[in-house]
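What follows is the residue order along each chain.
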There are 2 protein chains.
Amino acid sequence: MPRFFCDDINGDHISITGTDARHIGRSLRMRLGDEITVCSQGIEYRSRILTISDEEVSCEVLGKAPSENEANISLTLFQALPKGDKLEFIIQKAAELGVKRVCPVLTSRCVSRPDKKGFDKKLERLRRIALEACKQSGRAQLVEITPLLSFEECINEMKTMEKELMCYEKGGISMSEAGLSAGQSIGLLIGSEGGFDDAEAELAQSSGMTLIGLGKRILRCETAPIAAASIIMHLTGNM
Amino acid sequence: MPRFFCDDINGDHISITGTDARHIGRSLRMRLGDEITVCSQGIEYRSRILTISDEEVSCEVLGKAPSENEANISLTLFQALPKGDKLEFIIQKAAELGVKRVCPVLTSRCVSRPDKKGFDKKLERLRRIALEACKQSGRAQLVEITPLLSFEECINEMKTMEKELMCYEKGGISMSEAGLSAGQSIGLLIGSEGGFDDAEAELAQSSGMTLIGLGKRILRCETAPIAAASIIMHLTGNM
């Protein structure tokens, strides 16, 4: 069944607007009475189409249930900004793997160094990629993509979480020793191409982060988040 | 220290030829007496350069030791042929993650359907990608890329391994229930975009394969091998 994300849900009534409305009527050629799945905040609404126009598709809710596709943890990926379009790739994979939120972070070894305003221009595109990946992988909750964080903001944000993990190229404990379990909010920090400098690693550790090693081989900065998120999802029973 | 793969090792003498020889002399501007690491079959040879020409760099071995970067399992990825250049991407990531061998497989739902001869033309490029990824990730053993296998050949090849795992989109047991441990030879079969058809899944299971589920979300065919290999490497103490 076609799957859409929409937060405009009022009791038993759902209003889908924008490109999705056009998509339902034109590309998918759906008709009055057809059923679609509308997802919002991890809930799946089985819905029947009542009216269709290019501007709005209105639906009535036939039933709703928490999605079984969402992970039982709240995993936030703090990703140091990589070069080129690698962040787009990472966001797509993070969505498939069940990550809840991706926070791009500017660290000292990032080669790409936009200011926050410059980065904001990319957010729309990144969020569209997250949306498409969420639809395709059967998510019921949109992956949130935040504006660019400084390293200090990243540390403060991670402090609000139950588990603070930093994958460090100079090594650390195994993910299985980090005490992960279902229900936790977990922050996962991954470096850019050059990894982290010593000062950042010290600051992270003194701020309460646990340094994690991902084995002896050197992983590219776009491979590390996929590997780490996969292992976390596995250890918490989600994969 | 620069890292090269070479199997032409005679006692204490190593002869590096081809593009690597030119690379050492021209791009890296190395000199007589400089040290390099030569890797062959999982062994690292600390070596000193004796002569340099565009055709050959000869070295003497100063010391050798099994690499600490190779995984303690022998993991072969049997990958159903994906569309476009995704196989190149999968091979690069497999090399980083410590996979020993990648065997492309033609399954019923592969969209790209070259014959074996047609696929052989791509092997050189795929092997070059594997070589570069091995160098960059610090491997000491080259990832082997085999010619295209039929599904039946894949099944027979997997039967020679201690563990035969097939990731199935309709679900299976968790990787942690598959009894994986250090020292094993493990075959991992991953589908193409459309997954496997029912007949293939039945044949695989009746041939002794264990069906593995990778969670509720739908992973793209290039994400599944990375996630599965990461979890296998984690469960066997390699990541």
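None of these values were measured; they are calculated from a predicted model.

### Details of the pattern of salt bridges
- With the rule as written, the count across this model stands at 36 salt bridges over all chains.
- Here Glu96 of chain A and Lys93 of chain A are joined by a salt bridge, their closest N and O atoms 3.1 Å apart. Remark: Lys93 of chain A and Glu96 of chain A occur in helix 2 (residues 86-97); sequence separation between them is three residues, near one turn of the helix. Judged on exposure class, the residue Glu96 of chain A and its partner Lys93 of chain A are both buried.
- A single salt-bridge network, built from bridges that share partners, covers Lys93 and Glu96 of chain A together with Lys86, Glu193, Arg220 and Glu222 of chain B.

### Some remarks on the environment of Ser192 of chain A
Residue and element names in this part refer to chain A.
- Structurally, the position occupied by Ser192 is in the loop between strand 12 (185-190) and helix 5 (198-206).
- For Ser192, a relative accessible area of 4% gives the class buried.
- Taking the C-alpha atoms as reference points, Ser192 and Ile9, separated by 183 residues in sequence, lie 39 Å from one another.
- In contact with Ser192, other than residues within four places in its own chain, are Ala80, Leu81, Pro82, Thr107, Arg109, Cys110 and Cys221.

### Points about the nonpolar core
- With 97 residues, the main nonpolar core has Leu188 of chain A together with Leu188 of chain B as its most contacted residues.
- Ignoring anything within four residues of it in the chain, the contact list for Leu188 of chain B reads Leu75, Thr76, Leu77, Phe78, Met158, Leu165, Cys167, Met175, Ala228, Ala229 and Ile232 of chain B.

### As for the sheet that holds strand 1 (residues 3-5) of chain A
Residue and element names in this part refer to chain A.
- What the six strands build is an open sheet, ordered 1-4-5-6-3-2; its pairing is mixed. Here the strands that pair on one side only, and so sit at the sheet edges, are strand 1 and strand 2 (9-10).
- Direction of pairing for strand 5 (residues 43-52) relative to strand 6 (residues 56-66): antiparallel, over a ladder of nine bridges. Paired with Tyr45 across the bridge in strand 6 is Lys64.

### Quick notes on the pairing of strand 3 (residues 13-17) of chain A
Residues and elements named next belong to chain A.
- Two elements, strand 2 and strand 3, share two bridges in a ladder whose sense is antiparallel. Paired with Asn10 across the bridge in strand 3 is His13.
- Where strand 3 lies against strand 6, five bridges are found, and the strand directions are antiparallel. Paired with Thr17 across the bridge in strand 6 is Glu56.

### Let's talk about the confidence of the model for chain A
- Across chain A, pLDDT averages 96, with 100% of residues at or above 70.
- We note a pTM of 0.95 for the whole complex and an ipTM of 0.94 for its interfaces.

### Notes on the packing of aromatic side chains
- Considering all chains together, one arrives at three aromatic pairs over all chains under this definition.
- Ring centres of Phe89 of chain A and Phe89 of chain B lie 5.0 Å apart, and the angle between their planes is 65°; on these two criteria the pair is classed as edge-to-face. Residue Phe89 of chain A is located in helix 2, and its partner Phe89 of chain B is located in helix 2 (residues 86-97); the two belong to separate chains.
- Aromatic side chains Phe151 of chain A and Phe196 of chain A sit 6.4 Å apart centroid to centroid with 50° between the ring planes, which places their arrangement in the tilted category. Of this pair, Phe151 of chain A sits in helix 4 (residues 151-159) while Phe196 of chain A is found in the loop between strand 12 and helix 5, placing the two residues 45 residues apart along the sequence. Across the pair, Phe196 of chain A and Phe151 of chain A agree in class, each one buried.

### Structural notes on the relation of the copies chain A and chain B
- With an RMSD of 0.0 Å, the fit of chain A onto chain B corresponds to turning through 180° and sliding 0.0 Å along the axis. Taken together, the rotation angle and the small translation identify this as a two-fold axis. Across chain A, the rotation axis passes nearest the C-alpha of Ile231 of chain A, at a separation of 2.7 Å.
- Most of the interface of chain A is mirrored in chain B, where 100% of its interface residues are also at the interface.

Conventions we followed
- Residues numbered from 1 in each chain as written.
- Chains lettered and ligands numbered in written order.
- Predicted model: local features only at pLDDT ≥ 70, side-chain atom pairs only at ≥ 80, totals over all residues.
- Heavy atoms only, no water.
- Salt bridge = Lys/Arg side-chain N within 4 Å of Asp/Glu carboxyl O.
- Helix = DSSP H or I, 4+ residues; strand = E, 2+ residues; numbered from the N terminus.
- Buried < 20%, exposed > 50% of the residue type's maximum accessible area, 1.4 Å probe, protein only.
- Contact = heavy atoms within 4.5 Å.
- Core = buried A, V, L, I, M, F, W, Y, C linked by side-chain atoms within 4.5 Å.
- Pairing = 2+ DSSP bridges.
- pLDDT = per-residue confidence, 0-100.
- Phe/Tyr/Trp six-rings, centres within 6.5 Å; stacked < 30°, edge-to-face > 60°.
- Least-squares fit on C-alpha atoms with pLDDT ≥ 70 in both.

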